[in-house]
Amino acid sequence: MSVIGLSFDRVLGDETLRFLESLLVSKDVKSFIEVRSSLTQLLRSESLRVIHSIASKTVHEKLLVLEFFVRAFALVGDLESCLALRYEALLMRELKSASCKWLQVSPVEWLNFVEDAVHNGSHAVAKKACENALSCFGNDDVLKPGRDVVSENLKAITREITRIRNCAMTSVAPGSVQVQAAKYLKRKTTERQKSDFLYKEECCLATISFRNGIKKQNMRKLYEHQSHLQINNDQLYGRHPNLRLK
């Protein structure tokens, strides 16, 4: 199924998301994977174009666009792009919260995000988000009544985010198990690709050698057969002189 003609210049809302969801309905796994891959590539290019085009829009409009693409990326299973845009939305809200208090990100929202980032293996993003969250918790506005959590719970959230940050820092450190594992997998992939290339070359050379060997063997048998025919002819002519050609 082709999705090249899909455009996001229309209203970015639930109707478009339902349309995207309908494109993912496939009868077989192969078709589903192909459509999801095409949609992911399309969403990535279109999201950059659309976000760039709304640079002069209001914060509210920008957040609505980010929310749409967050949901769209989640729909196609592109968790990396989904987390990246969620993080951008959180940063934008915190940046503008000085003049618009209702935009301020609550401690619970930061905690949910860093947990999701760690759960999906985005330790570098989780580390940055934790640092931003902890710096925001130093703001007195967080402790004002009416927030998502009361002040006594803030310490517990702060401890949990600090723990996640420390784990994330360990995970992205040069000597960490995760980094070493990533390097190992990358090295093994490179070695496997190199091995596959050498194997193909060896197979090619072996095939050529085998074919040349078969050709030589066939030529040798042909020469032997011709030699036997010549001997038989000579013997035949020797026993029957009258059969010799004039």
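Read on for a plain summary of the structure. Keep in mind that this is a model prediction, so the values were computed, not measured.

Section: the overall build of the protein
Helix and strand content of the protein: eight helices and zero strands. Helices (α) and strands (β) of the protein occur, in sequence order from the N terminus, as α-α-α-α-α-α-α-α. Taken across its 246 residues, the protein has 27% of its residues classed as buried. Looking at the protein alone, contacts between residues at least 24 apart form 60% of all its contacts between residues at least 6 apart. Accessible surface for the protein amounts to roughly 16,900 Å². Of this, 57% is attributable to carbon and sulfur atoms.

Some words on the environment of Ala117
Position of Ala117 among the secondary structure elements: in helix H5 (residues 107–119). Classification of Ala117 by relative accessible area gives buried; the value is 0%. Distance in space between the C-alpha atoms of Ala117 and Glu80 is 8.9 Å, their sequence separation being 37 residues. The contact partners of Ala117, leaving out residues within four places of it in the chain, are Leu83, Ser122 and Ala126.

Some thoughts on the packing of aromatic side chains
Evaluation of the coordinates by the stated rule reveals two aromatic pairs. Relative to Phe69, the ring of Phe68 has its centre 5.1 Å away and its plane inclined at 80 degrees; by these criteria the two rings are edge-to-face. A relative accessible area of 0% places Phe69 in the buried class. Between Tyr87 and Phe113, the ring centres sit 5.7 Å apart and the planes meet at 10 degrees, which makes this aromatic pair stacked.

A closer look at the environment of Glu88
With respect to the helices, strands and loops of the structure, Glu88 is situated in helix H4 (residues 79–96). Its relative accessible area of 43% is what places Glu88 among the partly exposed residues. Remark: the alpha-carbon pair of Glu88 and Leu66, spanning 22 residues in sequence, is separated by 8.2 Å.

What about the side chain of Ser97?
Along the chain, Ser97 falls in the loop between H4 and H5. By relative accessible area, which is 8% here, Ser97 ends up buried. The residues touching Ser97, leaving out its near neighbours within four places in the chain, are Leu103 and Gln104.

Re the pattern of salt bridges
Taken as a whole and assessed by the stated rule, the structure comprises seven salt bridges. Notably, a salt bridge pairs Asp14 with Arg71, separated by 2.9 Å at the nearest N-O pair. Of this pair, Asp14 sits in helix H1 (residues 14–23) while Arg71 sits in helix H3 (residues 59–76); the two residues are 57 residues apart in sequence, bridging distant segments of the chain. Taking relative accessible area as the criterion, Arg71 reaches 41% and is therefore assigned partly exposed. Glu131 is paired through a salt bridge with Lys127; the nearest N and O atoms lie 3.0 Å apart. Here Lys127 and Glu131 lie together in helix H6 (residues 123–137), a separation of four residues that amounts to about one turn. Glu131 gets classed as partly exposed once you look at its relative accessible area, which sits at 35%.

A word on the nonpolar core
Counting residues in hydrophobic clusters, the biggest one holds 22 residues, and the most contacted among them are Leu20, Leu39, Leu43, Phe69 and Phe73. For this core, the secondary structure elements donating two or more residues are H1, helix H2 (29–53), H3 and H4. With nine residues, the single largest contributor to this core is H3. Apart from residues lying up to four places away in sequence, Phe69 is in contact with Leu12, Leu43, Glu46, Ser47, Val50 and Leu85.

The rules we used
Residues numbered from 1 in each chain as written. Predicted model: local features only at pLDDT ≥ 70, side-chain atom pairs only at ≥ 80, totals over all residues. Heavy atoms only, no water. Helix = DSSP H or I, 4+ residues; strand = E, 2+ residues; numbered from the N terminus. Buried < 20%, exposed > 50% of the residue type's maximum accessible area, 1.4 Å probe, protein only. Contact = heavy atoms within 4.5 Å. Areas by Shrake-Rupley, 256 points an atom, 1.4 Å probe, with all protein chains shown as cover. Phe/Tyr/Trp six-rings, centres within 6.5 Å; stacked < 30°, edge-to-face > 60°. Salt bridge = Lys/Arg side-chain N within 4 Å of Asp/Glu carboxyl O. Core = buried A, V, L, I, M, F, W, Y, C linked by side-chain atoms within 4.5 Å.

In short, geometric facts, not functional conclusions.
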